[in-house]
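Chain and residue survey
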Amino acid sequence: MVPEGSRRAQLRDNLTRTREAVAAACREAGREPDSVRLIVVTKNFPAADAATLVELSQSDLGENRDQEAAPKAAELAERGLDATWHFVGRLQRNKARSVARYAGWVHSVDRPRLVEALDRAAERPIDVLLQVSLDDDTSRGGASIGDLPLLAEAAAGAASLRLRGVMAVAPLGWEPVKAFELLAKCSETVRAVEPAAAEISAGMSGDFAAAVACGATMVRLGRNVLGEREPMA
Ligand SMILES: *Cc1c(COP(=O)(O)O)cnc(C)c1O
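Below is a short write-up of the structure. No experiment lies behind these values; they were computed from the predicted model shown.

**What about the overall build of the chain?**
For the chain, the helix and strand inventory stands at nine helices and eight strands. For the chain, long-range pairs separated by at least 24 residues make up 58% of all intrachain contacts whose partners lie at least 6 apart in sequence. With the model as given, the accessible surface of the chain reaches about 11,000 Å², and the carbon-plus-sulfur share is 48%.

**A few points about the nonpolar core**
Ranked by size, the top nonpolar core spans 71 residues in total, and within it L61, L76, V106, L118, V128, L130 and L183 carry the most contacts. Setting aside anything within four residues of it in sequence, one finds V128 in contact with V106, V109, L118, A155, L161, R162, L163, R164 and G165. Judged by nonpolar contacts, the second largest core, of six residues, contains I39, W105, L129 and M218.

**Observations concerning the packing of aromatic side chains**
The tally for this structure, following the rule as stated, stands at zero aromatic pairs. Its guanidinium or amino end placed over the ring of W174, K178 lies 4.0 Å from that ring's centre, counting from NZ or CZ.

**Digging into the pairing of strand β6 (residues 161-167)**
Counted residue by residue, β6 has five buried out of seven residues, so it is predominantly covered. The pairing of strand β5 (residues 126-131) with β6 spans six bridges and is parallel. When the bridges of β6 are listed, L130 appears paired with V166. Each parallel crossover has a hand, and for β5 linked through helix α6 (residues 148-156) to β6 it is right-handed. Read from β6 through helix α7 (residues 176-193) to strand β7 (residues 199-201), the crossover connection turns out right-handed.

**A closer look at a positive patch on the surface**
On the surface, R93, R97, R101, R113 and R120 cluster together to form a positively charged patch. Elements that contribute at least two residues to the positive patch include exactly α4 (96-102) and α5 (112-121). Mapping R93 onto the fold places it in the loop between β3 (84-87) and α4. By relative accessible area, which is 39% here, R93 ends up partly exposed.

**Structural notes on helix α2 (residues 47-55)**
Taking burial as the measure, the nine residues of α2 include seven buried ones, the bulk of the element. The set of residues buried in α2 consists of A47, D49, A50, A51, T52, L53 and V54.

**Describing unusual backbone geometry**
Positioned with a positive phi, N44 is a non-glycine residue whose angle comes to about 70°. You can see N44 is positioned in the loop between β1 (37-41) and α2. Assessed through its relative accessible area of 25%, N44 is described here as partly exposed. Notably, S57 is not glycine yet its phi reads approximately 60°, a positive angle. With respect to the helices and strands, S57 occurs in the loop between α2 and β2 (60-63). The exposure class of S57 is exposed, given its relative accessible area of 56%.

**A few points about the site of the ligand**
Near the ligand, the surroundings consist of V41, K43, N64, V88, M167, M204, S205, R220, L221, G222, R223 and R229. Residue R223 places a side-chain N or O atom 2.7 Å away from an oxygen atom belonging to the ligand. Surface burial for the ligand is 93%, taken as the share of its 390 Å² of free accessible area covered by protein chains. Among the residues forming the shell around the ligand, the class breakdown is five nonpolar, three polar and four charged.

Criteria and cut-off values
Think of each chain on its own: its residues are numbered from 1, step by step along the sequence as written. In keeping with the predicted nature of the model, local features appear solely for residues at pLDDT of at least 70, side-chain atom pairs appear and are counted solely at 80 or more, and the whole-chain, interface and lining totals rest on all residues. Remark: hydrogens and water are excluded; side-chain values derive from all non-hydrogen atoms of the structure. A run of H or I in DSSP counts as a helix once it spans at least four residues, and a run of E counts as a strand once it spans at least two, with each numbered from the N terminus. Should any heavy atoms of two residues lie within 4.5 Å, those residues are counted as being in contact. For every accessible area listed, the method is Shrake-Rupley and the probe measures 1.4 Å; residues are considered covered only by the protein chains on display. To qualify as a nonpolar core, a set must consist of buried Ala, Val, Leu, Ile, Met, Phe, Trp, Tyr and Cys residues joined through side-chain atoms within 4.5 Å. For the exposure calls, accessible area comes from a 1.4 Å probe over protein chains only, and a residue counts as buried if that area is under 20% of its type's maximum, exposed if over 50%, partly exposed in between. Stacked, edge-to-face and tilted labels apply to pairs of Phe, Tyr and Trp rings (six-membered ring for Trp) whose centres lie within 6.5 Å, assigned for plane angles under 30 degrees, over 60, and everything in between, in that order. The rule for a charge over a ring is simple: NZ of Lys or CZ of Arg within 6 Å of the ring centre, and within 35 degrees of the ring normal. Only when DSSP finds a minimum of two bridges between them are two strands counted as paired. Handedness rule for crossovers: strands pointing away from the viewer, path from the first strand over the helix to the second running clockwise, crossover right-handed. Each patch is built from residues lacking any salt bridge and having more than 30% relative accessible area; the joining distance is 9 Å for like charges and 5 Å for nonpolar side chains (Val, Leu, Ile, Met, Phe, Trp, Tyr). Salt bridge criterion: a side-chain nitrogen from Lys or Arg within 4 Å of a carboxyl oxygen from Asp or Glu. When charges are tallied, Lys and Arg are placed among the positive residues and Asp and Glu among the negative ones, while His and the ends of the chain are skipped. Working definition for charges: the position is that of NZ of Lys, CZ of Arg, CG of Asp or CD of Glu. We call a residue near a molecule or strand as soon as one heavy atom of that residue lies within 4 Å of the molecule or strand. Each polar contact in these results corresponds to two N or O atoms within 3.5 Å; when the atoms are within protein, one needs to be able to donate a hydrogen and the other to accept it, and residues that are neighboring in sequence are counted only if both atoms are side-chain atoms. Charged means Asp, Glu, Lys or Arg here, nonpolar means Ala, Val, Leu, Ile, Met, Phe, Trp, Tyr, Cys or Pro, and polar covers whatever is left, Gly included.

What follows is the structure, given as structure tokens:
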């Protein structure tokens, strides 16, 4: 176990380095550093790390499983720490009610029935992104590109959801630039339905610079800030 004080120092240093790396990617792409929002994905790391990040003024946090995210979000709320939770993982309809309680953003909306479930569960407006399966292997989550217009219309028409843009994970074995250029095209498709839906959530620790070069407005980084993941006990 690392003593608590040094874990804080480690997270602070990693966070500073990561913010600098994102800013450098922006400069490289001729973009303003504040045009990209950093979301730190805390999955497999304890609530204490998430709390420390909020204390270090990193309030945008991501999680990919409700059973892990719900108690973490509750713990931070109990401690009076104001995080904005981004749900980035596959979402079953029966978890919509739980996720709607803490998530400000859901990045993984990929089917009309999930739109309905989230809309019904929402107690306040939820910002949503449509997850795209860039290689059309929808078994790994994400909507087919061809299904985007109808899905966008469903999300745009949902009273409690705000359609904000698109999200994707670069398919295994693809050049990141090829993946993120295709996602930029998907963003145009969605904006044809909802012009304000201009967010592009793309880029993880290994490929965020390519995502920023291709127009990402949100990067989702875990390992860069928290270190390599070990399965939680
Ligand atoms: C885990 C995860 C991330 C962060 O991945 P890292 O490689 O740790 O940066 C980003 N997006 C999604 C959807 C994830 O599940």
